[in-house]
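Secondary and tertiary structure notes
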Amino acid sequence: MLRYVARRLVIMLVTLFVIISLTWFMSQLLPGTPFADEKLSDSAREQLYAKYGLDDPLPVQYFWYMVNVLQGDLGNSFYFENRSVTSVIMDGAPISGFIGVQAIVFGLVPGLVLGVVAALWHNSILDYTATVVAILGISVPSFVLGPIMQYWFGYKWGLLPIAFFESWAHSIMPSACLAVFVIAIVARYIRAEMLEVLGQDYVTLAKAKGLSRVAVVMRHVLRNSLIPLVTVLLPLMVGLVTGSIIVENIFAVPGIGDLFVRCIFVNDYAVILGTTIFFAVFFIVAYLVQDVLYAIIDPRIRVS
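Residues numbered from 1 in each chain as written. Predicted model: local features only at pLDDT ≥ 70, side-chain atom pairs only at ≥ 80, totals over all residues. Heavy atoms only, no water.

Put simply, the rule is: UniProt positions are given in the numbering used here, feature names are shortened, and annotations may be inferred rather than shown by experiment.
As recorded in an unreviewed UniProt entry, the protein chain goes by the name ABC transporter permease subunit, listed as coming from Rubrobacter tropicus. The annotation that UniProt attaches to the protein chain under Sequence similarities (unreviewed entry) is "Belongs to the binding-protein-dependent transport system permease family." Quoted verbatim from the Subcellular location (unreviewed entry) field of the UniProt record, the comment on the protein chain reads "Cell membrane".

**Here's the deal with the UniProt feature "transmembrane region" (unreviewed entry) in the protein chain**
We apply this condition: Each helix is a run of H or I in the DSSP string that is no shorter than four residues. Each strand is a run of E no shorter than two, and both are numbered from the N terminus.
The sites that carry the UniProt feature "transmembrane region" (unreviewed entry) are, in the present numbering, residues 9-27, 95-121, 128-152, 172-190, 226-251 and 271-297. Note that residues 128-152 is 92% helix and 0% strand, and that its end C-alpha atoms are spaced 26 Å apart. As annotated, residues 172-190 has a helix share of 100% and a strand share of 0%, and its two end C-alpha atoms lie 25 Å apart.

**What to know about the packing of aromatic side chains**
Applicable threshold: To pair, rings of Phe, Tyr and Trp, with the six-membered ring standing in for Trp, must have centres within 6.5 Å; the planes then decide the type, stacked if under 30 degrees apart, edge-to-face if over 60, and tilted in the middle. Classification of residues uses two cut-offs on accessible area relative to the type maximum, computed with a 1.4 Å probe and protein chains only: under 20% is buried, over 50% is exposed, and between them is partly exposed.
For the coordinates displayed, the defined rule picks out 14 aromatic pairs. Relative to phenylalanine 80, the ring of tyrosine 79 has its centre 4.9 Å away and its plane inclined at 80°; by these criteria the two rings are edge-to-face. Ring centres 6.2 Å apart and planes at 55° place the aromatic pair phenylalanine 260 and phenylalanine 279 in the tilted group. Here phenylalanine 260 is found in helix α12 (residues 256-265), whereas its partner phenylalanine 279 is found in helix α13 (residues 269-297), with 19 residues between them in sequence. Considered together, phenylalanine 260 and phenylalanine 279 belong to a single accessibility category, that of buried residues. An aromatic cluster is defined as three or more aromatic residues linked by ring pairs; in this entry it consists of Tyr151, Trp152, Phe153, Tyr155 and Trp157.

**Observations regarding the pattern of salt bridges**
The criterion, for reference: Only one rule defines a salt bridge in this text: a Lys or Arg side-chain nitrogen within 4 Å of an Asp or Glu carboxyl oxygen.
For the structure on display, the rule yields four salt bridges. We note a salt bridge from aspartate 127 to arginine 191, for which the minimum N-O separation is 2.8 Å. Placement of the pair is aspartate 127 in helix α5 (residues 125-139) and arginine 191 in helix α7 (residues 168-198), with a sequence separation of 64 residues. Aspartate 127 gets classed as buried once you look at its relative accessible area, which sits at 1%. Note that aspartate 258 is salt-bridged to arginine 262, the shortest N-O span being 3.4 Å. Residue aspartate 258 and its partner arginine 262 are located together in helix α12, separated by four residues, close to a single helical turn. On the basis of relative accessible area, aspartate 258 is assigned to the buried category, the value being 13%. Residue class for arginine 262 comes out partly exposed when judged on its relative accessible area of 37%.

**Concerning the domain arrangement of the protein chain**
Inclusion rule: Domain segmentation is taken from an automatic or database assignment of domains. Every residue pair with non-hydrogen atoms within 4.5 Å of one another is taken to be in contact. Buried area counts how much accessible surface, traced with a 1.4 Å probe, disappears from two parts once they are put together, with both parts' losses summed. Between N or O atoms, a polar contact is any pair within 3.5 Å; within protein, one atom must be a potential hydrogen donor and the other a potential acceptor, and residues adjacent in sequence are included only when both atoms are from side chains. Residue polarity is assigned by list, with Asp, Glu, Lys and Arg as charged and Ala, Val, Leu, Ile, Met, Phe, Trp, Tyr, Cys and Pro as nonpolar; anything else, Gly included, falls into the polar class.
Each assigned domain of the protein chain is listed with its residue range as follows: domain 1 (23-85) and domain 2 (90-297). A straight line from the C-alpha centre of domain 1 to that of domain 2 covers 37 Å. Residue-level contacts link 18 residues of domain 1 with 14 residues of domain 2. Carbon and sulfur atoms make up 67% of the surface buried where domain 1 meets domain 2, a total of about 1,400 Å² over both sides. Joining domain 1 to domain 2, the criterion identifies one salt bridge. Between arginine 83 and aspartate 91 there is a salt bridge, with its nearest N and O atoms 2.5 Å apart. Scanning the region where domain 1 abuts domain 2 turns up four residue pairs in polar contact (both at pLDDT 80 or more). Among the secondary structure elements, those contributing two or more residues to the side of domain 1 that touches domain 2 are α1 (2-28) and α3 (58-70). Among the elements that line the side of domain 1 that touches domain 2, the one with the most residues is α1, at three residues. Residue composition of the side of domain 1 that touches domain 2, by class: 11 nonpolar, six polar and one charged.

**Considerations on the packing of helix α6 (residues 142-156) against α7**
Quick reminder of the rule: Orientation is described by axes fitted as lines to C-alpha atoms, over the contacting stretch for helices, and by angles from 0 to 180 degrees between their N-to-C directions. Note that the term roughly parallel is reserved for angles under 35 degrees, roughly antiparallel for angles over 145, roughly perpendicular for angles of 65 to 115, and oblique for everything else. For any helix crossing, the convention is left-handed if the near helix is rotated counterclockwise from the far helix by under a right angle, and right-handed if that rotation is clockwise.
At a minimum axis separation of 10 Å, α6 and α7 run at an interaxial angle of 135°. Classified by the angle between their axes, α6 and α7 sit oblique to one another. The element α6 and its partner α7 pack so that their crossing is right-handed. Each of Ser142, Leu145, Gly146, Met149, Gln150, Phe153 and Gly154 in α6 lies in contact with α7, whose residues at this interface are Met173, Ala176, Cys177 and Val180. Of the residues assigned to the contact of α6 with α7, the class counts are seven nonpolar, four polar and no charged.

What follows is the structure in structure tokens.
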């Protein structure tokens, strides 16, 4: 098991190195400059280039950037003066994390209920209704759903704040908008897995032994159907917790996604790179945890 984890850690570090390198070189291809303000004189612009090391040759810039990253230093922001990239990211991370975790909480239970109901009453009106809800949740994009929710729940009915992040009430609509996708994904996976498990011999045996329907579902069907859900739920959770670019912009939530978009508009390469590394680390660690969980659940994976 230790050898398996060590191998995964090496792969994780190599992947992270490739992502950082590719992102750094791609950022150099972006048009424009972070100091494009017309009010800046040529001498002032040259001083800023020298201050941030942008007047060095590209190989030198790349070398020092990687050295600093290894020491945990992501550099300073070009747009947010006198602030490190890490502190800028840490300002938005808790907000994105709160919105994302709340979306998982909002979406997990309704998704499970829809999936279980659809599987237990297969080919009934309940199954068709749950399937339609799941398809709508996946097919309707958040940039369509978000403004609709703002119009009806915020403007028309006045139930919730339309935008900004000033209280818990402001977080409900962004989380609910993200939760719709969670509901759809969980419902589809649980329905498909439960239908497969319900046809297994050990479920038939449990029914033949006289166990009630509730006992069969809770002890044998639902538990075994939840295992494959780890495959999608963990990366999905990381994606929501690290910020949704579209939803945060629609609801003016000052999270990581909103920060990422603003920094693209002003060519703040340092924050763009730092945010990318932040996303990459979260996703790679999530896949590492997922691989370890699989190896614990099914030892044959370690061998393969």
